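# Tertiary structure, described
Chain by chain, the residues run as shown.
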Amino acid sequence: MKNNQFSQEESLQVFSNMISKKVHNGFVLEERNDKMLFAVLSKGGKAVDHGFNFIIFCLTLGLWSVAWLYLTVEASKQKKILVAIDEDGVPFEERCLVA
């Protein structure tokens, strides 16, 4: 019984460390469940410097427009992840779909 309790405490410590690393990397904790050991974290989109990209666009005679469009679309996406520990005590991370 004590061995099982130790593994649960150890799993909770690993879980907390995973969350603190993600928060340190810029994610925001939206939901946390210490009983089932899962958490949902999100990270907002980044701002694109359109003035700088316009200068590069002009210097490359418009060729930069493809990269600029890609940067704008990718940077504006919000990222959500699920961090959890399964029944066997193995930590995992999954991307969540954002509507």
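Summarised in this report is the structure supplied together with it. (Residues numbered from 1 in each chain as written. Predicted model: local features only at pLDDT ≥ 70, side-chain atom pairs only at ≥ 80, totals over all residues. Heavy atoms only, no water.)

Let us look at the packing of aromatic side chains. Scanning all chains against the criterion turns up two aromatic pairs. Ring pairing ties together the aromatic residues Phe54, Phe57 and Trp68, which thus form one cluster. (Phe/Tyr/Trp six-rings, centres within 6.5 Å; stacked < 30°, edge-to-face > 60°.)

Moving on: the pattern of salt bridges. Here the structure, examined in full by the defined rule, presents four salt bridges. A salt bridge links Lys22 to Glu93; the shortest N-O distance between them is 2.9 Å. Here the residue Lys22 occupies a position in helix α1 (residues 2–24), and Glu93 occupies one in strand β4 (residues 91–96), the gap between them amounting to 71 residues. Residue Lys22 is classed as buried on the basis of its relative accessible area, which comes to 18%. What makes Glu93 partly exposed here is its relative accessible area of 44%. In this structure, the salt-bridge partner of Lys80 is Glu30, at a minimum N-O distance of 3.1 Å. Linking Lys80 in strand β3 (residues 79–85) with Glu30 in strand β1 (residues 28–33), this pair joins segments that are 50 residues apart in sequence. The exposure class of Lys80 is partly exposed, given its relative accessible area of 24%. We classify Glu30 as partly exposed; its relative accessible area is 42%. (Salt bridge = Lys/Arg side-chain N within 4 Å of Asp/Glu carboxyl O. Helix = DSSP H or I, 4+ residues; strand = E, 2+ residues; numbered from the N terminus. Buried < 20%, exposed > 50% of the residue type's maximum accessible area, 1.4 Å probe, protein only.)

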